[in-house]
Amino acid sequence: MKMKRIVFVLCIICLMFVPRVASAQDLVQYSVSDSLENLAKNRTAELSQHLGLTAKQALLFEDKLIEFYGYENTVNNLDISMEQKKKKLGVLAIRKAEEMRDILTDIQYDLYLEMLSSE
C-alpha cells in the first residue's frame, strides 16, 4: 500500500514537471519575410543544380535555409555589439552546416562545403 502511494506521488511529480522542461527549450523566434523566402528558393535552385539535389532534398534544404535566414535576420536586428553579432552568426553558420549534413549525401555535403568556402 505504501509503495503504491510512493509510485503515485512520483507519477504526479513527473506529470507536473515534464511540460515545463519540454517548453523550456531555447527556441529563438524569427520572422520570415517574402524576400527571405524568395532568397531561399533562389539559393536552393542554384545549389540544386550544382549538388544534384533530389526533389525531397530540395524541399528540406529550402526549409532549412528559410529557418536559418530567419535566425540570421533576427541576430542582425538585435541591439548588441558587432562582435557579439559575429559570434552568434558564426554559431548559426556552424549549426546550419551541421543540419545540412543531415539532408545531403557525403559527396553533396563535400561539394556544399567547397561552395561555401569559395564564396
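Residues numbered from 1 in each chain as written. Predicted model: local features only at pLDDT ≥ 70, side-chain atom pairs only at ≥ 80, totals over all residues. Heavy atoms only, no water.

What follows covers the overall build of the chain. Secondary structure assignment for the chain yields five helices and zero strands. Written out in order from the N terminus, the α and β elements of the chain read α-α-α-α-α. Within the span of the chain, comprising 119 residues, buried residues form 27% of the whole. Contacts spanning at least 24 positions in sequence make up 67% of the contacts within the chain whose residues lie at least 6 apart. Carbon together with sulfur atoms contributes 59% to the accessible area of the chain, which is approximately 9000 Å² in total. (Helix = DSSP H or I, 4+ residues; strand = E, 2+ residues; numbered from the N terminus. Buried < 20%, exposed > 50% of the residue type's maximum accessible area, 1.4 Å probe, protein only. Contact = heavy atoms within 4.5 Å. Areas by Shrake-Rupley, 256 points an atom, 1.4 Å probe, with all protein chains shown as cover.)

Here the distance between the centres and the angle between the planes together describe a pair of aromatic rings. Under the definition given, this model contains three aromatic pairs. Ring centres of Phe61 and Tyr112 lie 5.6 Å apart, and the angle between their planes is 90 degrees; on these two criteria the pair is classed as edge-to-face. Of this pair, Phe61 sits in helix 3 (residues 55-76) while Tyr112 sits in helix 5 (residues 106-118), and the two are 51 residues apart along the sequence. Residue Phe61 is classed as buried on the basis of its relative accessible area, which comes to 0%. Here the aromatic residues Phe61, Tyr109 and Tyr112 are joined through ring pairs into a cluster of three or more. (Phe/Tyr/Trp six-rings, centres within 6.5 Å; stacked < 30°, edge-to-face > 60°.)

This part is about the pattern of salt bridges. Overall, the coordinates contain six salt bridges when judged by the stated rule. Ionic pairing is found between Glu67 and Lys64, a salt bridge with its closest N-O pair at 3.1 Å. A residue pair is termed a helical-turn pair when its members lie 3 or 4 positions apart in one helix, as Glu67 and Lys64 do in helix 3 at three residues. A relative accessible area of 17% places Glu67 in the buried class. For Lys64, a relative accessible area of 22% gives the class partly exposed. A salt bridge links Glu72 to Lys96, with the nearest nitrogen and oxygen atoms 3.6 Å apart. Note that Glu72 is positioned in helix 3 and Lys96 in helix 4 (residues 82-103), a separation of 24 residues in sequence. Accessibility classification places Glu72 together with Lys96 in one group, the buried group. (Salt bridge = Lys/Arg side-chain N within 4 Å of Asp/Glu carboxyl O.)

Another aspect to go through is the confidence of the model for the chain. For the chain, the mean per-residue pLDDT works out to 81, and 73% of the residues sit at or above 70. Here residues 19-28 is a poorly scored stretch, pLDDT under 50, and it has two contacts once near neighbours within four places are set aside; other chains count. (pLDDT = per-residue confidence, 0-100.)

Our next topic: the packing of helix 2 (residues 34-51) against helix 5. Orientation of helix 2 relative to helix 5, taken along the N-to-C sense of each, is 120 degrees, at an axis distance of 10 Å. Regarding the angle of helix 2 to helix 5, the classification is oblique. The two elements helix 2 and helix 5 cross, and the hand of that crossing is right-handed. Contact residues: Arg43, Leu47, His50 and Leu51 in helix 2; Gln108, Leu111, Tyr112, Met115 and Leu116 in helix 5. By residue class, the composition of the contact of helix 2 with helix 5 is six nonpolar, two polar and one charged. (Axes fitted to C-alpha atoms, helices over the stretch in contact; angles between N-to-C directions. Parallel < 35°, antiparallel > 145°, perpendicular 65-115°, else oblique. Left-handed = near helix turned anticlockwise from the far one by under 90°. Nonpolar A, V, L, I, M, F, W, Y, C, P; charged D, E, K, R; others polar.)

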